[in-house]
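Inside the fold
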Amino acid sequence: MERINGVKTSLFGKGSIQLLGPELRRMGVRRALVVTDRFLYESGAAARVGEVLSRAGVEYAVFYQVQPNPTVQVVKDCAAAVQALSAQLLVALGGGSAMDTAKAASVLAANGGQLEDYEGENKSRVPGVPIVAINTTAGTGSECTDFYIVTDPIRRTKLAMVDVNCMVSIAVNDVDFMMSMPPKLTAATGMDALTHAIEAVLSRGATPLTDRDALWAIEQIVQYLPRAVADGGNEKARTMMAYAEYSAGMAFSNAGLGMVHAMAHALGGRYNLPHGVCNAVLLPYVLSFHTRCPVCCKRLERVARAMGLEERTPQAVISAVRGLNGQTGIPHSLSQLERVDPAHFGELAAQALRDTCMASDQLEPTAEEAAAVYLAAYNG
């Protein structure tokens, strides 16, 4: 038996934000909270969204305290703003951080309690406040997943939540909001999408449907990510990356992720590092660890085919990932990332083993093995 999760409505293409108004009228929404960061607020992107809301007869306020790796406190503040406004809708404008904040605040506002109560799988009782997700990056896939991640700065770790009650109602992937994305962010979010797709293929929960989405995403990302990084104004590259990251999101939301994400969550939570960069740096080293798994080796042959590689072996995939990292400006080792200290790898490994994402990995590594992967990634 298989349950397929997905977005109720998805709007794609240049100018598709204009299709949002009729959807909101059908929903009968009257009050909304736009959830975004200060840059998108001050740059006018939030105002552009506000114009669409206003034309649809929706009153709105803007919460612009979103930050990279959103914290428990930011989510609590956002949930309080939802309740103060009696908002009927959250409009997440941004990348994964805005969407994670909105998802977490949505569940918290509707269910009460403490955010930590929802760590794990399907811990909420009732659906959260409805969400519209307007994507400004092409990587996280958060607009079509039942995942959200929040940083706990006290414990220096990340809370990973998987919950059907956080699912977005309307997703908007309008490349007009993506054209100004800088190269570093384009690379990090794009490699995040590639990691989603590869881990979905390797996952214990992989099915023919998730493989279809994941392998197609891999094929597009290896073609179009370097072009989007090199030329942010390349509309074709931006458009195909938007489709690819969405497809990868659908794949992993239904198949699950694995060791790369579990380790990246621990790493990013400890040092407040960009999630996509953590994934990208760790990916080839975790894949090397998985070459001991016959099932993974077989599935990596399919990944190699999707990447267009002549040699269809796990090592060829690993080499191709390293090459793509280098081509897009991603560091090749953890030692190149700020503040990373090998003295913490034992602690990080223990955290990674407790991460929700680890449950769908083909392997069950020990803490010592996970720490050794961190060290290999540090040494390069």
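Everything below is about the structure shown above.
The notes below deal with the structure included here. (Residues numbered from 1 in each chain as written. Predicted model: local features only at pLDDT ≥ 70, side-chain atom pairs only at ≥ 80, totals over all residues. Heavy atoms only, no water.)

1. A word on the overall build of the protein
To keep it simple, the criterion reads: The numbering of helices and of strands both runs from the N terminus, where a helix is a DSSP run of H or I of at least 4 residues and a strand a run of E of at least 2. We compute the radius of gyration from the C-alpha atoms alone; for a globule the expected value is 2.2 Å times N to the 0.38, where N is the number of residues. Burial status follows relative accessibility: with a 1.4 Å probe on protein chains alone, a residue under 20% of its type maximum counts as buried, one over 50% as exposed, and anything between as partly exposed. Contacts are assigned to residue pairs that have any heavy atoms within 4.5 Å of one another.
When you go through the protein residue by residue, the secondary structure sums to 14 helices and 9 strands. Over its C-alpha atoms the protein spans a radius of gyration of 19 Å, differing by no more than 12% from the 21 Å that the globule rule assigns to 380 residues. By principal-axis analysis of the C-alpha atoms, the protein measures approximately 55 × 45 × 45 Å. Looking at the protein as a whole, 61% of its 380 residues are labelled buried. The contacts in the protein between residues at least 6 apart in sequence include a share of 80% that link residues at least 24 apart.

2. Observations concerning the nonpolar core
The test is simple: We define the nonpolar core as a collection of buried residues of types Ala, Val, Leu, Ile, Met, Phe, Trp, Tyr and Cys that are connected through side-chain atoms lying within 4.5 Å of one another.
If you look at the biggest cluster of nonpolar residues, it comprises 79 residues, and the most contacted ones within it are Ile 218, Leu 267, Leu 282, Leu 334 and Tyr 374. Residues in contact with Leu 282, not counting those within four places in the same chain, are Val 260, Met 263, Ala 264, Leu 267, Leu 334, Tyr 374 and Ala 377.

3. Describing the sheet that holds strand β3 (residues 59-66)
Think of a sheet as strands paired side by side through backbone hydrogen bonds, with each pair either parallel or antiparallel. Under the convention used in this document: Two strands pair if DSSP finds at least two bridges between them. Axes, fitted as lines to C-alpha atoms, cover a helix only where it is in contact. Angles between the N-to-C directions of the axes lie from 0 to 180 degrees.
Pairing in this open sheet of 6 strands is parallel, and the strands run β1-β9-β6-β4-β2-β3 from one edge to the other. The open sheet has two edge strands with one neighbour each: β1 (9-12) and β3. Strand-to-strand twist in this sheet, taken as the mean axis angle between neighbours without regard to direction, amounts to 15°. Inspection of the sheet shows strand β4 (residues 89-94) paired to strand β6 (residues 131-135) by 5 bridges, in the parallel sense. Of the residues in β6, the one forming a bridge with Gly 94 is Asn 135. Lying over the sheet, helix α1 (residues 20-27) contacts β1, β4, β6 and β9 (170-173), oriented at roughly 175° with respect to β9.

4. Here's the deal with the pattern of salt bridges
What counts is decided by this rule: Salt bridges, as used here, are contacts in which a Lys or Arg side-chain nitrogen is within 4 Å of a carboxyl oxygen on Asp or Glu.
Under the definition given, this model contains 11 salt bridges. Of the charged contacts in the structure, one is a salt bridge between Glu 301 and Lys 298, with a shortest N-O distance of 3.9 Å. You can see Glu 301 and its partner Lys 298 sitting in helix α11 (residues 294-306), 3 residues apart, about one turn around the helix. A salt bridge links Glu 338 to Arg 339; its shortest N-O distance comes to 3.4 Å. Its relative accessible area of 56% is what places Glu 338 among the exposed residues.

5. Points about the side chain of Ser 247
This is how the line gets drawn: Any N or O atom pair separated by 3.5 Å or less is treated as a polar contact, with the protein-specific requirement of one donor-capable and one acceptor-capable atom, and with residues adjacent in sequence counted only for side-chain atom pairs.
With respect to the helices, strands and loops of the structure, Ser 247 is situated in helix α8 (residues 235-255). Here the side chain of Ser 247 touches Asp 213 through a polar contact of 2.8 Å, landing on its backbone oxygen. Not counting the four nearest positions on each side in its chain, Ser 247 is found in contact with Asp 213, Trp 216 and Ala 217.

6. Some words on the packing of aromatic side chains
Selection criterion: Think of it this way: a Phe, Tyr or Trp ring, Trp meaning its six-membered ring, pairs with another when their centres are within 6.5 Å, and the plane angle makes it stacked under 30 degrees, edge-to-face over 60, tilted otherwise. Distance and angle both matter: a charge sits over a ring if NZ of Lys or CZ of Arg is within 6 Å of the ring centre and within 35 degrees of the ring normal.
Applying the stated criterion across every chain yields a total of 6 aromatic pairs. Ring geometry for Phe 147 versus Phe 252: centroids 5.1 Å apart, planes at 70°, classification edge-to-face. Of this pair, Phe 147 sits in strand β7 (residues 147-152) while Phe 252 sits in helix α8; the two residues are 105 residues apart in sequence, bridging distant segments of the chain. Taking the relative accessible area as the measure of exposure, Phe 252 reaches 3% and is therefore buried. Three or more aromatic residues link up through ring pairs in this structure, and these residues are Phe 12, Tyr 243 and Tyr 246. Cation over ring: Arg 48 sits above Phe 177, and NZ or CZ is 4.1 Å from the ring centre. Sitting above the plane of the Tyr 285 ring, Arg 322 keeps its charged end 4.8 Å from the centroid.

7. Description of helix α9 (residues 259-271)
Our working definition: Take the residue count of a helix, subtract one, and multiply by 1.5 Å to get its expected span.
With 13 residues, α9 extends 18 Å from end C-alpha to end C-alpha; this agrees with the ideal 18 Å at 1.5 Å per step. Buried residues dominate α9, accounting for 13 of its 13 residues. Phi for Asn 272, located one or two positions after α9, is positive at around 55°.

8. Quick look at the environment of Trp 216
Residue placement: Trp 216 occurs in helix α7 (residues 208-230). Linking Trp 216 and Gly 380, residues 164 residues apart in sequence, is a C-alpha distance of 30 Å. Excluding residues that lie within four positions of it along the chain, Trp 216 makes contacts with Asp 211, Met 240, Tyr 243, Ala 244 and Ser 247.

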